[in-house]
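What follows is each chain in one-letter form.
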Amino acid sequence: MPAPDRPLLTVEHLTMRFGGLVAVHDVSFTAAGRRITAIIGPNGAGKTTVFNCITGFYSPTVGRIVLHGGRGDFLLERMEGYLIAQKARVARTFQNIRLFPRMSVLENLLVAQHNALMRASGMSVLGLLGAAGFRHAEREAVDHARYWLDRTALADVADIDAGTLPYGAQRRLEIARAMCTRPALLCLDEPAAGLNHAESRDLNHLLRFIRDEHEIGVLLIEHDMSVVMEISDHVVVLDYGRKIAEGSPEAVRHSPDVIRAYLGEEEGEALPPEVTADLKGEGGAGAAHERGPAETQ
Amino acid sequence: MAAETADTPQHPPQDGIAAILKDAGIAALISLALALPLFGFRIVGFGSGRGLALEERWDWVVTAVLAVFAGRIALNLWLRRFRAVLAIGGRVGDGVGDKIGQAVAAAPRLGRILQAAKPAFRIAVAGALLAVALAWPAFPFVDRYLLDLGVIVLTYVMLGWGLNIVVGLAGLLDLGYVAFYAVGAYSYALLALHFDLGFWECLPLAGAFAAFFGIVLGFPVLRLRGDYLAIVTLGFGEIIRIILINWYPVTNGPNGISGIPRPSFFGLPFAADPPEGTVAFHQFFGLEYASTQRIAFLYYVILALALVTNLFTLRIRRLPVGRAWEALREDEIACRSLGINPRNTKLTAFAIGAMFAGFGGSFFATRQGFISPESFSFIESAIILAIVVLGGMGSQLGVVLAAVLLIGVTEFFRELEQFRMLAFGAGMVAIMVWRPRGLLAHRDPTIRLHARGEKA
Ligand SMILES: Nc1ncnc2c1ncn2[C@@H]1O[C@H](COP(=O)(O)OP(=O)(O)OP(=O)(O)O)[C@@H](O)[C@H]1O
Ligand SMILES: [Mg+2]
């Protein structure tokens, strides 16, 4: 069993420019296996852009992203997006949920196991002939899907279209789908957004379960401080594309830079109580952080 | 009645006389702008040598504008009455209004009923259609003309099923499908004429050629999406047709290729007096010679080809690659995040769709005995696409219904000459109004966790 703090992902000097806009500037951090690493920051800080670079949707302007997998290291910035998922086993969810809405919940989870099933179906030839090996592989895939359906409380709705699920269930399904790819690193982009309090609590349980029982690294973008403070092992704070702080949730919570980033530039001003509460992890679920007025211009 | 009552608040009575007059005034202005240049002036000649003159026809313009104005008012008044009737029908449980309301509401409901119907019902419909298709040549009222019509409809059903893989399942809008149909037809014609191969030997070759073309054309363009892909495939369709016209030494240009061998029944030709040393189909079976025998044989060939296409599609939809096609149609970005290679997956859909078009093309060539580039114009692609879209993207049964409607029923309007296309267009508009997602937009999951009906 690997040491829990061995880095699973190393991001070095990551910079992403869109024309004149520097969305991410010289960001370095590591994420450990079997740990939940949170990336936080105000709106537009560049969190999703970091994810898109890691998962190959953008190719970074500068920087190195290495995934230390069980079968060697992968230089993610050089790989095509689908290969990152297929070979380096990085799975992700999206800030705006991206399911296959007109396919059933179970089908969504089988699509996630596409590559394994494709091999078992002999690139479809054996499958067309109805070979026993393929039928066996498909049963296993359904069992695997069933496992995650049970974990995410979706087994009852397995046969209905994913697009008809309520919002919270769609969020869970997206996580289940990512887990069905048997990832080494799971990247979640604001999984708690739009969830109610109970759902948010269940999500915390689910993420802890994933970390502890499946021993994979989780990279988590989250606005909801109660989630971040409660479950993350390590926090990276971005603001205007730069990393302004990093450390344990405790340390980050008290960092003056972080407080300033969340509140605007006017120093010395008394903190509004709901923000202080939020930073301490007492805020209600779904509390979104807008930039302070001084920063929106 | 819920639909009608829900409708009423959107049309409050405030659109009174003033609004109607305003609306009619705008329509009249638009028609004035159109009528002035179109009706207002006419160039007339004064016979030899006396030149041209501009004739003004103000009376025409005035008539047109007044007609539009009055017509628009009448239309609005009628619509208001009509809505009122629907509303009454919705609220009051009886009376004439209710009956009209129900009748009007029934048309869109019919499709919904078909759609919501239990799979058992859909299977029954499919079975009945299959039985009719199998027995079609044996029906006493089916003459040569109806038999031919059956062959044409089945050809379009097969092409629709083939294109359904590309458009309905993989979501790739292909406007150049007829290109692969042409490749199949010319492959068969050239192979049969130059290498003396029979229909059944050529069939897989023609399919392979078409699939190969599908890969070659698809490789550079499948990174495009939606409208862009549609435009590029449209271009490819035209390129293939123009190559066929201009590559004279091989394709014989616009004159086409004639004398393409007819299919034989396991080596037995269909001929009244076969060449020396061969036995014709009717002689072998001791029948009277009839030209319908050959057509009936063609009918069963295309029926078999269509059924193969259908079975293949039904089967591959349940395989990982079929699910990946549908997933790509739903969300390509999510597919990439799950490790699916979008390019290869699209290419397989494109190539397999092209292969079935190639089969269809060989059949077309052997049925006609003559092919020319004219048979492979854009309108063919458009008709096949219309069948897929009107049938309900991805629905196999929908393709059959749409093909029967579009090809079979409009065929009966043939006597009406150009009005036939009018009926075609009217049918399309009607379907799009009532069933914007196609006749049968229903989709059953390809795999279930809980048996149907079982409460989870
Ligand atoms: N494809 C793109 N083209 C141009 N600009 C982009 C692109 N993607 C992101 N940006 C810009 O980069 C900056 C960072 O965006 P990003 O989506 O990473 O922020 P975020 O931290 O995820 O914010 P949020 O909390 O709102 O999700 C923003 O200013 C955004 O407009
Ligand atoms: Mg974001």
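Here the structure is a predicted model, which is why all the values come from computation and not from measurement.

**Topic: the overall build of chain A**
Consideration 1: Of the regular secondary structure elements, chain A holds 13 helices and 10 strands.
Consideration 2: A buried classification covers 54% of the 297 residues belonging to chain A.
Consideration 3: Within chain A, contacts between residues separated by at least 24 positions form 69% of all contacts whose residues are at least 6 apart in sequence.
Consideration 4: When the accessible surface of chain A is split by element, carbon and sulfur atoms take 52% of a total near 12,500 Å².

**Describing the domain arrangement of chain B**
Consideration 1: For chain B, the assigned domains read domain 1 (9–88) and domain 2 (128–434).
Consideration 2: The gap between the C-alpha centroids of domain 1 of chain B and domain 2 of chain B is 45 Å.

**Quick look at the coordination of the magnesium ion (ligand 2)**
Residue and element names in this part refer to chain A.
Consideration 1: The protein atoms that coordinate the magnesium ion (ligand 2) are T48 (OG1) and Q95 (OE1), at distances spanning 1.9 to 2.1 Å. One end of the pair, T48, is in helix α1 (residues 47–54); the other, Q95, is in the loop between β6 (90–92) and α3 (105–111), with 47 residues separating them in the sequence.
Consideration 2: Classification of T48 as partly exposed rests on a relative accessible area of 24%.

**Some words on the domain arrangement of chain A**
Residue and element names in this part refer to chain A.
Consideration 1: Domain boundaries assigned for chain A yield domain 1 (1–89 + 183–297) and domain 2 (103–181).
Consideration 2: The partner domain 2 presents 12 residues to the 18 residues of domain 1 that form the contact.
Consideration 3: Carbon and sulfur atoms supply 69% of the area buried between domain 1 and domain 2, which totals about 1,200 Å² over both sides.
Consideration 4: Across the domain 1-domain 2 interface, the total number found is 0 salt bridges.
Consideration 5: Applying the counting rule to domain 1 against domain 2 returns 3 residue pairs in polar contact (both at pLDDT 80 or more).
Consideration 6: At the level of secondary structure, the elements contributing two or more residues to the side of domain 1 that touches domain 2 comprise β7 (185–189) and α8 (197–214).
Consideration 7: The greatest single-element share of the side of domain 1 that touches domain 2, amounting to 6 residues, is contributed by α8.

**Section: the site of ligand 1**
Residue and element names in this part refer to chain A.
Consideration 1: In the vicinity of ligand 1 there are 14 residues, among which G44, K47, T48, T49 and Q95 approach most closely.
Consideration 2: Interatomic distance of 2.8 Å between a backbone N/O atom of G44 and an oxygen atom of ligand 1.
Consideration 3: Between ligand 1 and the protein, one listed contact pairs an oxygen atom with a side-chain N or O atom of K47 at 2.8 Å.
Consideration 4: Relative to its unbound accessible surface of 630 Å², ligand 1 loses 65% to contact with the protein.
Consideration 5: Elements that contribute at least two residues to the shell around ligand 1 include exactly β2 (21–32) and α1.

**Quick word on the side chain of B:E332**
All names here are of chain B.
Consideration 1: With respect to the secondary-structure elements, E332 resides in helix α14 (residues 332–337).
Consideration 2: A relative accessible area of 15% places E332 in the buried class.
Consideration 3: Ignoring sequence-local partners within four residues, the contact set of E332 consists of R225, A327, P342 and K346.

**A word on the interface of chain B and chain A**
It is common to give the size of an interface as the accessible area lost on bringing the parts into contact.
Consideration 1: If you look at the interface, chain B gives 34 residues, while chain A gives 41 residues.
Consideration 2: A salt bridge links B:R323 to A:E138, with the shortest nitrogen-to-oxygen separation between them at 3.3 Å.
Consideration 3: For the side of chain B that touches chain A, the secondary-structure elements that each account for two or more residues are α12 (291–316), α13 (320–330) and α14 of chain B.

**Structural notes on the side chain of A:R92**
Consideration 1: For A:R92, the location among the structural elements is in strand β6.
Consideration 2: No salt bridge is formed by the buried A:R92. Its closest oppositely charged neighbour is A:D189, at 4.2 Å.
Consideration 3: Within polar-contact distance, the side chain of A:R92 engages the side chain of A:N52 at 2.6 Å.
Consideration 4: Of the polar contacts made by the side chain of A:R92, one reaches the side chain of A:T55; its length is 3.1 Å.
Consideration 5: The residues contacting A:R92, other than those within four sequence positions of it, are A:F51, A:N52, A:T55, A:F57, A:A178, A:C187, A:D189 and B:S337.

**Some points on the sheet that holds strand β9 (residues 234–239) of chain A**
All names here are of chain A.
Consideration 1: Read from one edge of the open sheet, 6 strands run β6-β7-β8-β3-β9-β10, paired in mixed fashion. Where the open sheet ends on each side, the last strands, each with one partner, are β6 and β10 (242–247). Put simply, the sheet's adjacent strands are angled 20° from each other on average, direction ignored.
Consideration 2: Examined bridge by bridge, strand β3 (residues 36–40) and strand β8 (residues 217–221) share 4 bridges and lie parallel to one another. Bridge pairing in β8 links T37 to L219.
Consideration 3: In the packing of helix α7 (residues 167–180) onto the sheet, the strands contacted are β6 and β7, and the crossing angle to β7 comes to about 160°.

**Things to note about the sheet that holds strand β5 (residues 72–75) of chain A**
All names here are of chain A.
Consideration 1: Within the open sheet, the 4 strands sit side by side as β2-β1-β4-β5. Their pairing is antiparallel. The open sheet has two free edges, formed respectively by β2 and β5, since each of these has just one partner strand. Shown here is a sheet whose adjacent strand axes are inclined to one another by a mean of 15°, direction ignored.
Consideration 2: The pairing of strand β4 (residues 62–69) with β5 spans 4 bridges and is classified as antiparallel. Considered in β5, the bridge of L67 is made with F74.
Consideration 3: Contacts from α1 reach β1 (7–18), β2 and β4, with the element oriented near 115° to β1.

**Section: a nonpolar patch on the surface**
Residues and elements named next belong to chain B.
Consideration 1: The grouping of L29, L32, L36, F41, I43, L52, L54 and W58 at the surface amounts to a nonpolar patch, some 820 Å² of accessible area in total.
Consideration 2: Sorting the residues of the nonpolar patch by element identifies α2 (17–40), β1 (41–45) and β2 (52–56) as the ones contributing at least two each.
Consideration 3: At 3 residues, the largest contribution of residues to the nonpolar patch is made by α2.
Consideration 4: With respect to the element layout, I43 can be found in strand β1.

**Some words on the environment of B:T251**
Residue and element names in this part refer to chain B.
Consideration 1: Mapped onto the elements of the fold, T251 is located in helix α10 (residues 248–251).
Consideration 2: The exposure class of T251 is buried, given its relative accessible area of 2%.
Consideration 3: Once the C-alpha coordinates of T251 and L311 are considered, the two residues, 60 residues apart in sequence, prove to be 34 Å apart.
Consideration 4: A polar atom in the side chain of T251 sits 2.6 Å from the backbone oxygen of L244.

**As for the nonpolar core**
Consideration 1: Membership of the largest hydrophobic core comes to 152 residues, with the highest contact counts inside it found for A:L149, A:I210, B:W325, B:I371, B:F376 and B:I387.
Consideration 2: The element that contributes the greatest number of residues to this core is helix α6 (residues 144–169) of chain B, accounting for 16 residues.
Consideration 3: Excluding anything up to four places from it in sequence, B:I387 contacts B:Y156, B:V399, B:A402, B:A403, B:L406 and B:I407.
Consideration 4: By size, the runner-up hydrophobic cluster in this structure holds 30 residues, among which are A:L9, A:A45, A:F74 and A:I221.

**A short note on the packing of aromatic side chains**
Consideration 1: Per the counting criterion, the structure on display carries 18 aromatic pairs over all chains.
Consideration 2: Judged by centre distance (5.0 Å) and plane angle (75°), the rings of B:F199 and B:W200 are edge-to-face.
Consideration 3: Under the relative-accessibility criterion, B:F199 is labelled buried at 6%.
Consideration 4: Ring-pair connections join several aromatic residues into one group, and the members of that group are B:Y181, B:Y186, B:F364 and B:F376.
Consideration 5: Here the guanidinium or amino end of A:R177 rests over the ring plane of A:F100, the centre of that ring lying 4.8 Å away.
Consideration 6: B:R57 extends its terminal NZ or CZ atom over the ring of B:W60, reaching a point 4.0 Å from the ring centre.

Conventions we followed
Numbers given for residues are sequential positions, taken from 1 along each chain in its written order. Here the convention is simple: chains get letters from A, ligands get numbers from 1, in the order in which they are written. Predicted model: local features are reported for residues with pLDDT of at least 70 only, side-chain atom pairs are reported and counted for 80 or more only, and whole-chain, interface and lining totals are derived from all residues. Each side-chain value is derived from all of the structure's non-hydrogen atoms; neither hydrogens nor water enter the calculation. Helix and strand assignments come from DSSP, with helices taken as H or I runs of at least 4 residues and strands as E runs of at least 2, each series counted from the N terminus. Working definition: with a 1.4 Å probe on protein chains only, accessible area under 20% of the residue-type maximum means buried, over 50% means exposed, and in between means partly exposed. Residue contacts are counted whenever heavy atoms from the two residues lie within 4.5 Å of one another. In these tables, accessible area is a Shrake-Rupley quantity obtained with a 1.4 Å probe, and a residue counts as shielded only by the protein chains included in the view. In this entry, domain limits derive from an automatic or database-based domain assignment. Water is absent from the atoms considered, so a metal site may look incomplete; donors are defined as N, O and S atoms within 2.8 Å of the metal, or 3.2 Å for Na, K and Ca. Here's the idea: put two parts together, see how much 1.4 Å probe accessible area each one loses, and the total over both is what we call buried area. Counted as salt bridges are all cases of a side-chain nitrogen of Lys or Arg within 4 Å of a carboxyl oxygen of Asp or Glu. Under this definition, polar contacts are N or O atom pairs within 3.5 Å; protein pairs additionally need one hydrogen-donor-capable and one acceptor-capable atom, and for neighbouring residues in sequence, both atoms have to be side-chain atoms. Proximity criterion: a residue is near a molecule or strand once any of its heavy atoms comes within 4 Å of it. His residues and chain termini do not enter the charge count, which takes Lys and Arg as positive and Asp and Glu as negative. Strand pairing is assigned whenever DSSP identifies at least 2 bridges connecting the two strands. Structural elements are reduced to axes, namely lines fitted to C-alpha atoms, with helices fitted over the stretch in contact, and the angle between N-to-C directions of any two is expressed from 0 to 180 degrees. Residues qualify for a patch when their relative accessible area is over 30% and they have no salt bridge, like charges being joined within 9 Å and the nonpolar side chains of Val, Leu, Ile, Met, Phe, Trp and Tyr within 5 Å. Take the buried Ala, Val, Leu, Ile, Met, Phe, Trp, Tyr and Cys residues and link them wherever side-chain atoms come within 4.5 Å; each set so joined is a nonpolar core. Centres within 6.5 Å make a pair out of two Phe, Tyr or Trp rings, where for Trp the six-membered ring is used; the pair is then stacked when the planes are under 30 degrees apart, edge-to-face when over 60, and tilted otherwise. Geometrically, a charge over a ring is one whose NZ (Lys) or CZ (Arg) sits within 6 Å of the ring centre while staying within 35 degrees of the ring normal.

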